[in-house]
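Descriptive structure summary
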Amino acid sequence: MHEAIDKIINTSIEYGCTIGANCMILKDGKEIFSDSYGFADKENGIPMKKDHIFRLFSLSKPVTAAAAMILIDRGLLSADDAVSEYLPEYAQLNYVENDKILPCPVEMKISHLLNMTSGLPYADNWGISVRGAARLFDDIISGQNSGNELTTVEIARKAADIPLMFKPGDNWYYGISADIMGAVIEIISGMKYSEFLKKNIFEPLGMYDTGFYVPEEKRERLSALYEWKNDAITRTYQNYLGLTDYTKAPGFESGGAGLVSTIEDYSKFACMLAGRGEFNGVRLFSEETFSYMNTPQLSDKQLTGMWDRLSGYNYGNFMRILVNPELSQLKTVKGEFGWDGWTGTFVAADPENNIVCLYFTEICGAGTTPEAAAICETVYNKLVRN
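In what follows, the accompanying structure is described. Remember, it's a predicted structure, so these values are computed and weren't measured experimentally.

Considering the overall build of the protein
Looking only at helices and strands, one finds eleven helices and 16 strands in the protein. Its C-alpha radius of gyration of 20 Å places the protein within 12% of the 21 Å reference for a compact globule of 386 residues. Relative to its full complement of 386 residues, the protein shows a buried share of 56%. Within the protein, contacts between residues at least 6 apart in sequence are counted, and of these 67% link residues at least 24 apart.

Re helix H1 (residues 2-14)
Its 13 residues give H1 an end-to-end C-alpha distance of 18 Å, which sits within 8% of 18 Å, the value for a rise of 1.5 Å per residue. Turning to H1, its buried residues are Ile5, Ile8, Ile9 and Ser12. Taken down its axis, H1 places every buried residue within 80 degrees of arc, on the same side. Looking at H1, the residues exposed on the side facing more than 90 degrees away from the buried face are Glu3, Lys7 and Glu14. Packing partners of the buried residues in H1 comprise strand E1 (20-27), strand E2 (30-41), strand E16 (355-360) and helix H11 (370-383).

A few points about the nonpolar core
For soluble globular proteins, the rule of thumb is that nonpolar side chains tend to be buried together. Counting 111 residues, the largest nonpolar core has Tyr90, Met181, Leu197, Ile201, Phe269 and Leu358 as the members making the most contacts within it. Not counting the four nearest positions on each side in its chain, leucine 358 is found in contact with Asn22, Cys23, Met24, Ile25, Leu26, Ile263, Tyr266, Ser267, Ala270, Phe346 and Val347.

A word on a nonpolar patch on the surface
A grouping of Ile32, Leu383 and Val384 is seen on the molecular surface, where their side chains present a nonpolar patch of about 200 Å² in accessible area. Residue valine 384 is classed as partly exposed on the basis of its relative accessible area, which comes to 32%.

Comments concerning the sheet that holds strand E13 (residues 319-322)
Pairing between the strands of a sheet is mediated by backbone hydrogen bonds and can be parallel or antiparallel. Spatially, E3-E2-E1-E16-E15-E14-E13-E12 is the arrangement adopted by the eight strands of the open sheet, whose pairing is antiparallel. Single-partner strands in this sheet number two, and they are strand E3 (46-47) and strand E12 (313-316). Sheet analysis places strand E14 (residues 337-340) next to strand E15 (residues 346-350), joined by four bridges and oriented antiparallel. The residue bridging aspartate 340 from the neighbouring strand is phenylalanine 346, located in E15. Each of E1, E2, E15 and E16 is contacted by H11, which is oriented at about 155 degrees to E16, the strand it contacts most.

Examining the packing of helix H5 (residues 152-159) against helix H6 (residues 177-189)
The geometry of H5 relative to H6 is characterised by a closest axis approach of 9 Å and an angle of 125 degrees between their N-to-C directions. The angle between the axes of H5 and H6 places the two elements in the oblique class. Seen along the crossing, H5 lies across H6 with a hand that is left-handed. Along the contact surface, H5 presents Thr152, Val153, Ala156, Arg157 and Ala159, while H6 presents Asp179, Ile180, Gly182, Ala183, Glu186 and Ile187. For the contact of H5 with H6, the per-class residue count stands at six nonpolar, two polar and three charged.

Considering the pairing of strand E7 (residues 226-229)
Each regular strand carries side chains that alternate between the two faces of the sheet. Pairing of E7 with strand E8 (residues 232-235) involves four bridges; the strand directions are antiparallel. Paired with tryptophan 228 across the two strands is isoleucine 233, which belongs to E8. If you look at the hairpin formed by E7 and E8, you'll find two residues sitting between the two strands, and asparagine 230 has a positive phi there, around 55 degrees.

Regarding helix H2 (residues 61-73)
Taking 1.5 Å as the rise per residue, H2 with 13 residues should run 18 Å; its terminal C-alpha atoms sit 18 Å apart, in good agreement. Every buried residue belonging to H2 is among Lys61, Pro62, Val63, Thr64, Ala65, Ala66, Ala67, Ala68, Met69, Ile70 and Leu71, and all of these are buried. Following H2 by one or two positions, glycine 75 has its phi on the positive side, about 75 degrees.

Describing the side chain of serine 328
Here serine 328 shows up in the loop between E13 and E14. By relative accessible area, serine 328 is classed as buried at 1%. Excluding its chain neighbours within four sequence positions, the residues that come into contact with serine 328 are Ser311, Gly312, Tyr313 and Leu322.

Some thoughts on the pairing of strand E6 (residues 100-103)
Taken together, the four bridges between strand E5 (residues 94-97) and E6 define a ladder with antiparallel strand orientation. Pairing of asparagine 94 across the sheet is with proline 103, part of E6. With antiparallel pairing between neighbouring strands as the criterion, E5 and E6 make up a hairpin whose turn holds two residues, including asparagine 98 at a positive phi of roughly 55 degrees.

A word on the pattern of salt bridges
As enumerated under the stated definition, the model contains 14 salt bridges in all. Notably, a salt bridge pairs arginine 55 with glutamate 362, separated by 3.0 Å at the nearest N-O pair. Linking arginine 55 in strand E4 (residues 54-55) with glutamate 362 in the loop between E16 and H11, this pair joins segments that are 307 residues apart in sequence. Notably, a salt bridge pairs arginine 320 with glutamate 336, separated by 2.9 Å at the nearest N-O pair. Of the two residues, arginine 320 is situated in strand E13 and glutamate 336 in the loop between E13 and E14; the sequence distance between them amounts to 16 residues. Each member of the salt-bridge network shares a partner with another, and the members are Asp51, Asp209, Lys218 and Arg221.

Here's the deal with unusual backbone geometry
At asparagine 280, a position not held by glycine, the phi torsion is positive, near 55 degrees. Since its relative accessible area comes to 65%, asparagine 280 is described here as exposed. Here the phi dihedral of asparagine 354 falls at roughly 50 degrees; this positive angle occurs in a residue that is not glycine. The topology assignment puts asparagine 354 in the loop between E15 and E16.

Cut-offs and rules
- Residues numbered from 1 in each chain as written.
- Predicted model: local features only at pLDDT ≥ 70, side-chain atom pairs only at ≥ 80, totals over all residues.
- Heavy atoms only, no water.
- Helix = DSSP H or I, 4+ residues; strand = E, 2+ residues; numbered from the N terminus.
- Rg over C-alpha atoms; globule rule 2.2 N^0.38 Å.
- Buried < 20%, exposed > 50% of the residue type's maximum accessible area, 1.4 Å probe, protein only.
- Contact = heavy atoms within 4.5 Å.
- Expected span 1.5 Å × (residues − 1).
- Arc of directions from axis to C-beta.
- Core = buried A, V, L, I, M, F, W, Y, C linked by side-chain atoms within 4.5 Å.
- Patch = residues over 30% accessible without salt bridge, like charges linked within 9 Å, V, L, I, M, F, W, Y side chains within 5 Å.
- Areas by Shrake-Rupley, 256 points an atom, 1.4 Å probe, with all protein chains shown as cover.
- Salt bridge = Lys/Arg side-chain N within 4 Å of Asp/Glu carboxyl O.
- Pairing = 2+ DSSP bridges.
- Axes fitted to C-alpha atoms, helices over the stretch in contact; angles between N-to-C directions.
- Parallel < 35°, antiparallel > 145°, perpendicular 65-115°, else oblique.
- Left-handed = near helix turned anticlockwise from the far one by under 90°.
- Nonpolar A, V, L, I, M, F, W, Y, C, P; charged D, E, K, R; others polar.

Dropping the structure here:
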């Protein structure tokens with residue numbers, strides 16, 4: 001297996017498709033493979049190491065899902081709760097129908113956030129809703145530039161002004177729902193979102209290199225960020241999604257994209273997922289709550305909004321959930337679940353076989369890379385289908 005994974009990643013580096021990467025495979029909570037490849041910072045000749053820190057982007061979302069499960073497990077939150085119970089601005093929402101903005105007759109629930117069926121999009125410029133999200137992110141960036149940063153809760157309140165793409169529950173559309181969920185968790189817990197995560201997830205699991213920024217003493221371990229430009233991978237220093245340069249604690253602690261972590265730290269979180277809420281003697285939430293977390297939530301109608309690359313998967317609680325392996329691009333098994341980040345951070349957790357596959361790289365727009373898919377197939381051919 002080691003030789004096959006080496007070949008996958010080294011070939012990608014040789015062909016200029018990858019600068020550097022970390023890979024880790026775990027079985028029954030134990031590391032059975034781990035290696036580093038290429039450069040964390042090619043321009044400065046810094047080789048990739050296991051303790052390099054990565055921008056997680058959307059791999060932050062499963063952490064937000066777990067935080068919500070903790071509150072559900074404690075009876076402090078229900079998926080059926082109206083979002084307006086915690087953010088009153090969500091009692092009077094609008095949505096878009098036939099290019100008209102209309103009063104929304106459907107109440108947005110916590111389940112709509114967790115399942116990306118809220119109708120709240122990410123920013124773009126092609127329609128009424130996404131332009132509304134773009135204005136929100138303009139406000140976030142303006143506040144950062146003026147030294148008057150908006151907080152996580154302030155941003156969630158402002159997001160209620162975005163005309164929804166559809167009535168909550170009508171469809172699936174990837175957007176800022178996890179950011180709103182982070183604010184809800186902050187309101188319920190009475191502490192900053194970062195503090196809730198630290199107290200309830202990171203410290204119990206021993207994830208000491210995970211957070212919303214990189215302290216100065218760890219900054220040399222932050223991997224460089226790259227992007228495709230003119231058919232080649234080049235270094236970029238641009239910030240995205242209202243995130244900053246990670247040098248200080250941000251006002252906006254994005255539950256959808258804001259975390260940084262190492263592959264070793266995230267492996268502990270992933271093993272907790274594969275362990276049905278428990279890892280290394282630490283249980284974050286009950287198996288009953290885990291069963292809800294890992295249950296497909298989308299109807300056939302909602303599934304029509306899902307991306308083609310997620311063929312074979314359903315979705316729920318900010319993660320893909322494999323229901324039809326024959327149709328999937330990832331050759332794992334039914335019940336495997338996880339997600340990826342925009343920069344190429346990837347996790348697959350399999351509670352049935354207690355297998356975790358992690359692949360981390362830092363290339364804008366990468367998502368689930370061909371390398372991650374090939375690694376998963378290699379692992380399952382060796383450990384399950386052999």
